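Observations on the three-dimensional arrangement
The lines below spell out each chain.
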Amino acid sequence: MSNNATSFLEVKDLVVEYTSEGSVIHAVNGVSFALERGKTFGLVGETGAGKTSIAKAILRILPDPPAKIRNGQILLDGIDLLTLEEKDMRKIRGRRVSMIFQDPMTALNPIMKVGKQIAEVIKLHNKISNKQAEAEAGKMLELVGIPAERFNEYPHQFSGGMKQRVIIAMALACNPELLLADEPTTALDVTIQAQVLEMINKLKRDLNTSMIMISHNLGVVAEICDDLAVIYAGEVVELGSKETIFDRAAHPYTVGLFSAVPTLDEEKERLVPIIGLPPDPSNLPAGCHFHPRCPWADEACERESIPLREIAPGHFCRCIKVSAQEN
Amino acid sequence: MKRKFLVVFLALSMLLSVLSGCAKEVEKPVEEPAAPAATEAPAVTEAPAATEVPAATEAPVEELALPEIVSIAIGADPADLAPFVGMSMGRIAVLKTIYEYLIETDSMGGAAVPMIAKSWEKTGDKVYKITIFDNVYDSAGNHITAADVAWSYNTAKELGNLRPLGDIVSISAVDDVTVNLEVKSNFGPGGLEKVLSECPIVSQKAYEASPDGFATKPITSGPYLLTEYVPGSSLTFERREDYWQTDPQYRTLFSQANVKKIVFKVITEAAQNAIALETGNVDIAAGVTQDDLARFMNNPAFTTFNFLDNLTQNLQFNGSEGHPLTNKELRQAIAYAIDTSAMCEAVAPGACTPAHTIGNPNFGGYLKKWESEPYYEYDLEKAKELFAASGHTPGELTFKLLAQNDARSGLMAQIIQAQLGELGIAVEISQVESAVYNQIQYDPTAYDLLLAMSAGGDFIFSPWQLVYDQNRYNGTTSNFFKDDELQSLLATVSSLEGFNEANVDAFQQYQKEQLYAYGMLSFNSIIVADSGVLKVVRDTRGQVIPGACEYAADFNK
Amino acid sequence: MGRYILKRLIWMIPVVLGVTILVFSIMYLIPGDPAKMMLSPEATPEEIAAKREELGLNEPYLVRLGKFLGGIVFRFDFGDSWVYNQPVTKELLNRFPRTLTIAVICIGLQIIIGIPLGIIAAVNQNGLGDRISMFIALFGISLPNFWIALMLILFFSVKLGWLPPFGIDGFKYYILPCIANAFPGIATQARQTRSSMLEVIRSDYITTARAKGMSELQILLKHALPNALLPVITIIGNGMGMLLAGTVVIESIFSIPGIGMYLVGGINSRDYNIVQSSVIFLALAFTFIMLLVDLAYAFIDPRIKAQFARKHKRGHHA
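Residues numbered from 1 in each chain as written. Chains lettered and ligands numbered in written order. Predicted model: local features only at pLDDT ≥ 70, side-chain atom pairs only at ≥ 80, totals over all residues. Heavy atoms only, no water.

**A word on the overall build of chain B**
The secondary structure content of chain B amounts to 18 helices and 20 strands. Once local pairs closer than 6 in sequence are excluded, the contacts in chain B between residues at least 24 apart make up 73%. Counting every atom, chain B has about 21000 Å² of accessible surface; 52% of that belongs to carbon and sulfur. (Helix = DSSP H or I, 4+ residues; strand = E, 2+ residues; numbered from the N terminus. Contact = heavy atoms within 4.5 Å. Areas by Shrake-Rupley, 256 points an atom, 1.4 Å probe, with all protein chains shown as cover.)

Shown next, in the form of structure tokens:
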């Protein structure tokens, strides 16, 4: 993984703020990463870490009155999405970049037939007739394992898992180059999770789609991602390939995450949590945002803002306590 | 106020005489109210006096000279146009334009003139003979004969909605033009006129052929034919070319038909009367509100006509046994504490006259001299004296004042409340809608003070009867007083023999002293009309008769 | 679906029956004697008593109720108005079109003006469009409709002379009454549409639509508005019912002989037949409109349709 200019997607120093009743919430604080074609990049972190904001920023569908992109560049194949005109951005949404949302129960229009909702995105980006669009939509339904006869049914007639599949069909209908999947299986039960993940993977392979997978579930990340970034308080605290991070987690937060996960082969009576709570995004701690909860923190951690350092080839970490060797 | 009206009236009458060369209208009731007995009694029993004084008529006006149309605002929907049903606010506005009667009396207590009846006379004890014209035809061509007259009266009597007909024992046709009338008792003053002018005369054949008893499409002998009736909205009448009465001598005031087309427009919102006048939607409106009048007062495009209303606004005291108001000093104290002139000014400035009895000059028999006699003019000192003399102290009494829920009653009630407050009497005002008012005003527990509006028939004893006649209300007056002297005086003055100036005055003095009810004021009706309307003619109910009004030569041509 | 409609229609009967009995009882109990109202002030107590007998007012409550209901059920006879001496039904049928015209035009204005105002307000939340729309709505709700009516008359009839101030002789005559009467409805409509839209705009499926690359206008028309319409339809339905009965003030000001005036006149003169029959009429109209509203719901929202037709669609759930 490298940060060269030929990456398919490059996010540079993205800063997103939410203004609410006078106070400013720093949701994303200078996030940078890159993604190759055909690869899956994971964004891992707790709820509220800013992961969804990053994804929505890429598509520029952040809710505009509260949210504002204060800084940064998002280069898709060299084009900075943040500088595009809205009408050009609309051509990108749904066609080159599309998104799968977290809650399938509310992501579909309840009074429109599901087939039509899929056909809608197809018609939007292709100059074909309604009938053709509907035929295509039918094919997409089949692709995600739903009989095409169910074209005319309404979302309430589907279970959660099937709704999510419809949403996936919608997202992939125009063959996007980049798919943003925001915790697509979080709202589903475990058995369905496996199915949906399986399907996403397969489609990804068949269509050669690049993907950003947002999740707080390390297991899911392990299944799907090639590289990943750990997000804490709106910053990338660790970045590297899946193997690197899973085998040699460096940042205290990442270490804490892994320690908190139960394993089958160890006997434990209690899980080891990370003490404390995530910081208030409108009032972030000075210096390292994690220092209040970090077992290895000292005054140095409080003083300056901590840079992201490459501690091994392709392995980055934002911690001054970690030296340039394996932990 | 009355004087001015008189002058205007005289001037116009003279003008009319000069123009028409015909005899004038009967002026007696307006000019000489002081001597009703002398002139009225003979008029009642000897018909010839009436027939020899034909009503004012004009030479038949040529077709071309008539205005095309006049529009007049009325405040309520007549609803039911049938001839024999009871009166309502809307109905009385159009009745005289629709129907014809045996005789016409164009002022209260005034002499009668022939309409369908040519002559009438008393032929025996409680028996009268009426002769009608032989050429009366309705708009459908039906010949109206004495049989129709008898039938009309009998039908109306059976339905029971027209009160005066209750005195009839029998009425029948002797031949085509003669009707025999038998009554229960000999008529009092104006009694025969009342009966003869009360019942519309229609053809039995036409009535029975009508699917709804003329409720929506009356066929009558009158000079106007109803051509369109939109219930709740408008009535349109057109002048008939074939009106039966071709003799100008006998064409009555109300049958003049001075305009080709009359449109009555129902206007239910008072403020709209002024707007309707200003936008030219109506030419005559009687319901213009007090506040809007100013726009028309000195406005050359309009003329305002001032008429004294029949109703006397009066304050009645609860005389039931044991009630504090059975004390005469208390009643008189209250009367002295109320300033009726100020009340007039406050409620209807320029359109109001303080009263001197329960009644006003509109009624036959009213004596002008009462206006120069004291009648409890405002005197707070005297009021307080009498109040003390009645044995009460300030702050001790609280009275409930019952009134109807219109704006003026509300204002008057508030003024009474304020003025009695000066005396130390607390007043609680209770305003109710008319249906409830009509019900509970006869309940001695429903009020202490009653704000009432009283009118009645054509003579001054009528409003008196309405309030004081103990035979009507279970042995007491309408406000629960028992007084044999009062009853005897009342019986005297309302009888045929007893109706004279002396008895009328005697009753007035007695009732003024006892003050069971205190007459406060009468409002004026102000009728606003387009300046092209030269004269507004009203019937005895105060309703404008558009066909009888007089118009300028260039009005609505 | 057909069964649902049938069921609702059958339910109308007990509702209207209940309303009828209630109104009958109220008229029976309130003070005020119709006989006295019909006769002149000089009527003697005997005459009044005779009239009462003639009108059947002396019979006991149940007998009167039974006769009235019996008349309706067996002979479709709602009785004659004592004031008009005409069958009540005839007058009701004459007047209903006028009231209906005003009501329908008002609803139309409500929809044409109120809904766009609400949308503008929602889309420009807290911005200029929002403030202007809500300002207009505030006026509409605060100003009494009779005041607006009189102002309109003063301006358009008296000053400009463009429109007639009262009457029913043609279409022109209905313009001012409808405008005056529509104000509060427009205001309510705008506010409801705004709040409905605001809720909908925040929904996830709107974000989904945006992520598909739809323009804001397309999202508004195809996704936001249809979903926002549901509560808005309720308001329209309610408004219609209110308008039918509530045009009384407007009818009074403009001298329009409609059902409102008829009913109020009947109450004031204690004309029982007018009151009872008018109320039955209005109750029928109201319940019928409610039925239409519910059906409209089902038409727009398939979830509700599914509830109505639940017997037919089982299975099919994954």
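**Focus: the state of the cysteines**
Across all of its chains, the model carries 1 disulfide over all chains by this definition. Two residues, Cys344(B) and Cys352(B), share a disulfide whose sulfurs are 2.0 Å apart. Measuring the twist about the S-S bond at about -70°, one finds the Cys344(B)-Cys352(B) disulfide to be left-handed. You'll find Cys344(B) and Cys352(B) in the same group, each marked buried. Free cysteine: Cys301(A), not disulfide-bonded; nearest cysteine sulfur from Cys288(A) at 6.1 Å. (Disulfide = S-S within 2.5 Å. Buried < 20%, exposed > 50% of the residue type's maximum accessible area, 1.4 Å probe, protein only.)

**A few points about the interface of chain C and chain B**
With 40 residues of chain C at the contact, the number on the chain B side is 41 residues. Here chain C meets chain B over a buried area of about 3100 Å², counting both sides, of which 52% is carbon and sulfur. In terms of surface lost to chain B, no three residues of chain C exceed Lys36(C), Glu42(C) and Phe166(C), which account for 19% of the buried area on that side. Across the contact surface, chain C and chain B share 2 salt bridges. Arg95(C) is the salt-bridge partner of Asp77(B), the closest N and O atoms lying 3.9 Å from each other. If you look at where chain C meets chain B, you find 9 residue pairs in polar contact (both at pLDDT 80 or more). Among the secondary structure elements, those contributing two or more residues to the side of chain C that touches chain B are α2 (34-38), α3 (45-55), α5 (88-123), α7 (145-159), α11 (248-254) and α12 (259-268) of chain C. Among the elements that make up the side of chain C that touches chain B, the one with the highest residue count is α7(C) (5 residues). Considering only residue class, the side of chain C that touches chain B consists of 20 nonpolar, 9 polar and 11 charged. (Buried area = accessible area lost by both parts, 1.4 Å probe. Salt bridge = Lys/Arg side-chain N within 4 Å of Asp/Glu carboxyl O. Polar contact = N/O pair within 3.5 Å; in protein donor to acceptor, adjacent residues only side chain to side chain. Nonpolar A, V, L, I, M, F, W, Y, C, P; charged D, E, K, R; others polar.)

**What about the domain arrangement of chain B?**
Residue and element names in this part refer to chain B. When its domains are assigned, chain B resolves into domain 1 (69-287 + 531-551) and domain 2 (317-524). Here the C-alpha centre of domain 2 lies 34 Å away from the C-alpha centre of domain 1. The interface of domain 1 with domain 2 comprises 7 residues on the first partner and 11 residues on the second. Summing both sides of the interface, domain 1 and domain 2 together bury roughly 810 Å²; the carbon and sulfur share of this comes to 65%. Connecting domain 1 to domain 2 are 0 salt bridges. The interface formed by domain 1 and domain 2 includes 0 residue pairs in polar contact (both at pLDDT 80 or more). Looking at the side of domain 1 that touches domain 2 residue by residue, the class counts come to 3 nonpolar, 3 polar and 1 charged. (Domains from an automatic or database assignment.)

**So, the interface of chain A and chain C**
Taken residue by residue, the interface counts 28 residues in chain A and 24 residues in chain C. Summing both sides of the interface, chain A and chain C together bury roughly 2300 Å²; the carbon and sulfur share of this comes to 61%. Put simply, chain A and chain C have 1 salt bridge between them. Salt-bridge contacts for Lys212(C) lead to Glu120(A); the nearest nitrogen and oxygen are separated by 2.9 Å. At the boundary of chain A and chain C, one finds 10 residue pairs in polar contact (both at pLDDT 80 or more). Of all elements in the fold, only α1 (51-59), α3 (114-125) and α5 (160-172) of chain A reach the threshold of two or more residues within the side of chain A that touches chain C. Classifying every residue of the side of chain A that touches chain C by side-chain character gives 13 nonpolar, 8 polar and 7 charged.

**Quick word on the packing of aromatic side chains**
All names here are of chain B. The full count for this structure, using the stated rule, is 37 aromatic pairs over all chains. A ring pair is formed by Tyr-447 and Phe-480, whose centres lie 5.9 Å apart and whose planes are at 35°; its orientation type is tilted. Residue Tyr-447 is located in the loop between α15 (434-440) and β17 (449-454), and its partner Phe-480 is located in the loop between α16 (461-468) and α17 (484-493); the two are separated by 33 residues in the primary sequence. Given the relative accessible area of 1%, Tyr-447 is considered buried. Since its relative accessible area comes to 12%, Phe-480 is described here as buried. (Phe/Tyr/Trp six-rings, centres within 6.5 Å; stacked < 30°, edge-to-face > 60°.)

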